[in-house]
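Single-letter residue listing:
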Amino acid sequence: MRPGLQPSRDSAFFWQGLRDDKLLCQSCDHCGRLRHPPRPMCPDCGALEWSAQRLSGRGRVHAWIKPVHPPLPMFEEGFLVALVELDEGIRLLSNLCEISAADVRNEMPVEVFFIEIDAEGAKVHQFRPTGESVDG
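Figured I'd write up the structure that's included with this text.

### Section: the sheet that holds strand β5 (residues 80-86)
One closed barrel accounts for 5 strands, arranged β4-β5-β6-β8-β7; its pairing is mixed. When the angles between neighbouring strand axes are averaged without regard to direction, this sheet yields 55°. Where strand β4 (residues 58-65) lies against β5, 6 bridges are found, and the strand directions are antiparallel. Within β5, the position partnered with glycine 59 by the bridge is leucine 86. Strand contacts of helix α1 (residues 12-19): β7 (109-116) and β8 (123-129), with the helix running at about 65° to β8, the strand carrying the most contacts.

### So, unusual backbone geometry
The omega angle of the peptide bond from histidine 36 to proline 37 is 5°, so this bond is cis rather than trans. For glutamate 107, which is not a glycine, the phi torsion comes out positive at approximately 75°. Secondary-structure assignment places glutamate 107 in the loop between β6 (91-96) and β7.

### A look at the packing of aromatic side chains
The final tally for this structure, using the stated rule, is 2 aromatic pairs. For the ring pair phenylalanine 13 and tryptophan 50, a centre distance of 4.7 Å and an interplane angle of 45° mean the geometry is tilted. Of this pair, phenylalanine 13 sits in helix α1 while tryptophan 50 sits in strand β3 (residues 50-54); the two residues are 37 residues apart in sequence, bridging distant segments of the chain. For phenylalanine 13, a relative accessible area of 15% translates into the label buried.

### A few points about the pairing of β8
Of all 7 residues in β8, 5 are buried; the element is thus mostly enclosed. Here β6 runs beside β8; their pairing, made up of 2 bridges, is parallel. Each bridged residue has a counterpart across the sheet, and for asparagine 95 the counterpart in β8 is glutamine 126. Linking β7 back to β8 in an antiparallel pair, the connection comprises 6 residues, with glycine 121 at a positive phi of about 95°.

### A few points about the environment of phenylalanine 14
For phenylalanine 14, the location among the structural elements is in helix α1. If we skip the residues at most four places from it in the chain, phenylalanine 14 touches Leu23, Leu24, His36, Pro38 and His125.

### Considerations on the side chain of serine 27
Structurally, the position occupied by serine 27 is in strand β1 (residues 24-28). We classify serine 27 as buried; its relative accessible area is 11%. Not counting chain neighbours up to four residues away, the residues in contact with serine 27 comprise Gly32, Arg33, Leu34, Trp50, Ser51 and Gln53.

### A short note on the state of the cysteines
Counting across every chain of the model gives 0 disulfides. Cysteine 31 takes part in no disulfide bond, and the closest cysteine sulfur, belonging to cysteine 42, lies 3.6 Å away. On the basis of relative accessibility, which here comes to 39%, the residue cysteine 31 falls in the partly exposed class. Not engaged in a disulfide, the cysteine cysteine 45 finds its nearest cysteine sulfur in cysteine 28; these two sulfurs lie 3.5 Å apart. The exposure class of cysteine 45 is partly exposed, given its relative accessible area of 34%.

Conventions and cut-offs
- Residues numbered from 1 in each chain as written.
- Predicted model: local features only at pLDDT ≥ 70, side-chain atom pairs only at ≥ 80, totals over all residues.
- Heavy atoms only, no water.
- Pairing = 2+ DSSP bridges.
- Helix = DSSP H or I, 4+ residues; strand = E, 2+ residues; numbered from the N terminus.
- Axes fitted to C-alpha atoms, helices over the stretch in contact; angles between N-to-C directions.
- Contact = heavy atoms within 4.5 Å.
- Phe/Tyr/Trp six-rings, centres within 6.5 Å; stacked < 30°, edge-to-face > 60°.
- Buried < 20%, exposed > 50% of the residue type's maximum accessible area, 1.4 Å probe, protein only.
- Disulfide = S-S within 2.5 Å.

Interpretation in functional terms is not warranted from these geometric data alone.
The structure is reproduced here in structure tokens:
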């Protein structure tokens, strides 16, 4: 099992969204900037007011890596870590699944899916290829 989640006051909405199979981010109520990871203040205008916005869950691999040392017991052998640039313009760090390291390409289209990580129903987001070509 993966380590338990420790949501903060700022990130609780994000983790609850994952439980509901929704990928959410903060949208500044003043300037409209989307931001992730969640934080109390907009980095552009300094406003404290924000709303949760649902994201499409579609994007492209910006960068990726296959960790090799040390092995982590809570992950399958050969797991991949990817920085995904979502269609909305923000980036999320996640795992890339259903593909071998030899087949991953930067700019490869991906989509989100959710996996349960504990008996209480907590979930995390993961990404997998959409089947579209890199060129679109």
